[in-house]
Amino acid sequence: LTPEDEARIGQLVLAVGRAGATPEASLGVLSGVGGWRRRGRGHRGHGDNHGNSTYLRSDVTMFPGFSGGPLIDAEGRVLGINTSGFRHASGITIPSATVSEVVETLAQHGRIRRAYLGIGSQVTRLPEAQTAKLDGELAGLESGLLVVSIEDDSPGAAGGLLVGDILVGIEGSPLGRTEDLQEQLGSERVGVAVDLTLLRGGEPAMVSVTPTERP
């Protein structure tokens, strides 16, 4: 399997499938390497996600039976698994790196685990006086995540988070949107302590929280 970062826009690709008794193929060009934001995971403040969010787009015609088949480059390497399950989107391929990660997780745990903090949050703009107190990758951050609720006996409560805290970073990576938190809290975070940078009373602070598996 070839990681998606080896895929190049403009390269020839071949989709293979079998709708009936004989296999079929469709030739095209890789037209995009992009990403999406995960949705539909409950409250947007409960960051949970699995794998990366990259996808491959091509102009290959996905005939019936192609979903679940491979997308192959000119050297015969598998770039990913094709899918027709996205509405209004043809020629979408799940990269092989993502497929491998999912397979490994299923082999180890028998299911896809989702990290869980047990908090509710909403985006809030940060005053310049507060952003000036942040440094590193967080310097100049225009928005953060205001903690609006914390579930009893949750990892967030155990870690010392308070309603009114503004989350601005996790392990040094900025948190300007709820999707950022969702992406950072993948299955690999379950049971692993993470450092959350936040603003409390207008001053930078840091707490360590250990996400659990989402119930």
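Everything below is about the structure printed above this text.
Quick caveat: nothing in here was measured; it's all calculated off a predicted structure.

So, on to the overall build of the protein. When helices and strands are tallied, the protein shows four helices and 14 strands. The buried share of the protein, taken over its 215 residues, is 43%.

Attention shifts here to a nonpolar patch on the surface. A cluster of nonpolar side chains, contributed by Leu12, Leu14 and Leu27, occupies part of the molecular surface with about 280 Å² of accessible area. Mapped onto the elements, leucine 27 comes out in strand β2 (residues 24-35).

Taken as a whole and judged by the stated rule, the model has one aromatic pair. Measuring from centroid to centroid gives 5.6 Å for phenylalanine 63 and phenylalanine 66, while their planes differ by 80 degrees, and the two rings are edge-to-face. Taking the relative accessible area as the measure of exposure, phenylalanine 63 reaches 37% and is therefore partly exposed.

Here we come to the pairing of strand β13 (residues 203-209). Strand direction decides the pairing type here: strand β12 (residues 194-200) and β13, joined by seven bridges, are antiparallel. Across the sheet, residue leucine 196 finds its bridge partner in β13, namely valine 207.

Our next topic: the pattern of salt bridges. Any two side chains of opposite charge can pair, on the condition that their charged atoms come close. Within the structure shown, the criterion is met by five salt bridges. Here lysine 133 ties to glutamate 203 by a salt bridge, and the two come within 2.6 Å at their closest N and O atoms. You can see lysine 133 sitting in the loop between α2 (128-131) and β9 (143-150) and its partner glutamate 203 sitting in strand β13, a full 70 residues away along the chain. One salt-bridge network, in which partners are shared between bridges, spans Asp73, Glu75 and Arg77.

With that settled, the discussion passes to the environment of threonine 98. Looking at the element boundaries, threonine 98 is found in helix α1 (residues 96-109). Take threonine 98: its relative accessible area is 7%, and that puts it in the buried class. On a C-alpha basis, the gap between threonine 98 and threonine 54 in space is 8.1 Å, while along the polypeptide they are 44 residues apart.

Peptide bonds are trans in most cases, and residues, glycine excluded, mostly fall at negative phi. Phi is positive for aspartate 153, which is not a glycine, with a value near 60 degrees. The residue aspartate 153 is located in the loop between β9 and α3 (155-158) in this model. A relative accessible area of 82% means that aspartate 153 is categorised as exposed.

Leu161, Leu167, Ile170, Leu181 and Leu196 are the most contacted members of the largest nonpolar core, which has 17 residues in total. Contributing elements (two or more residues each) for this core: β9, β10 (166-170), β12 and β13. Here this core gets three residues from one element, more than from any other, and that element is β12. The residues contacting leucine 161, other than those within four sequence positions of it, are Ile119, Ile150, Gly156, Leu167, Leu196, Leu198, Arg200, Val207 and Val209. Counting nine residues, the second largest nonpolar core, distinct from the first, contains Val13, Leu56, Val60 and Phe66.

The next point concerns the environment of glycine 28. Residue placement: glycine 28 occurs in strand β2. Glycine 28 sits in the buried class, given a relative accessible area of 8%. Glycine 28 sits 17 residues away from glutamine 11 along the chain, and the two C-alpha atoms are 8.5 Å apart. Apart from residues no more than four positions distant in its own chain, glycine 28 is found in contact with Gln11, Leu12, Val13, Asp59 and Val60.

Calculation criteria
Residues numbered from 1 in each chain as written. Predicted model: local features only at pLDDT ≥ 70, side-chain atom pairs only at ≥ 80, totals over all residues. Heavy atoms only, no water. Helix = DSSP H or I, 4+ residues; strand = E, 2+ residues; numbered from the N terminus. Buried < 20%, exposed > 50% of the residue type's maximum accessible area, 1.4 Å probe, protein only. Patch = residues over 30% accessible without salt bridge, like charges linked within 9 Å, V, L, I, M, F, W, Y side chains within 5 Å. Areas by Shrake-Rupley, 256 points an atom, 1.4 Å probe, with all protein chains shown as cover. Salt bridge = Lys/Arg side-chain N within 4 Å of Asp/Glu carboxyl O. Phe/Tyr/Trp six-rings, centres within 6.5 Å; stacked < 30°, edge-to-face > 60°. Pairing = 2+ DSSP bridges. Core = buried A, V, L, I, M, F, W, Y, C linked by side-chain atoms within 4.5 Å. Contact = heavy atoms within 4.5 Å.

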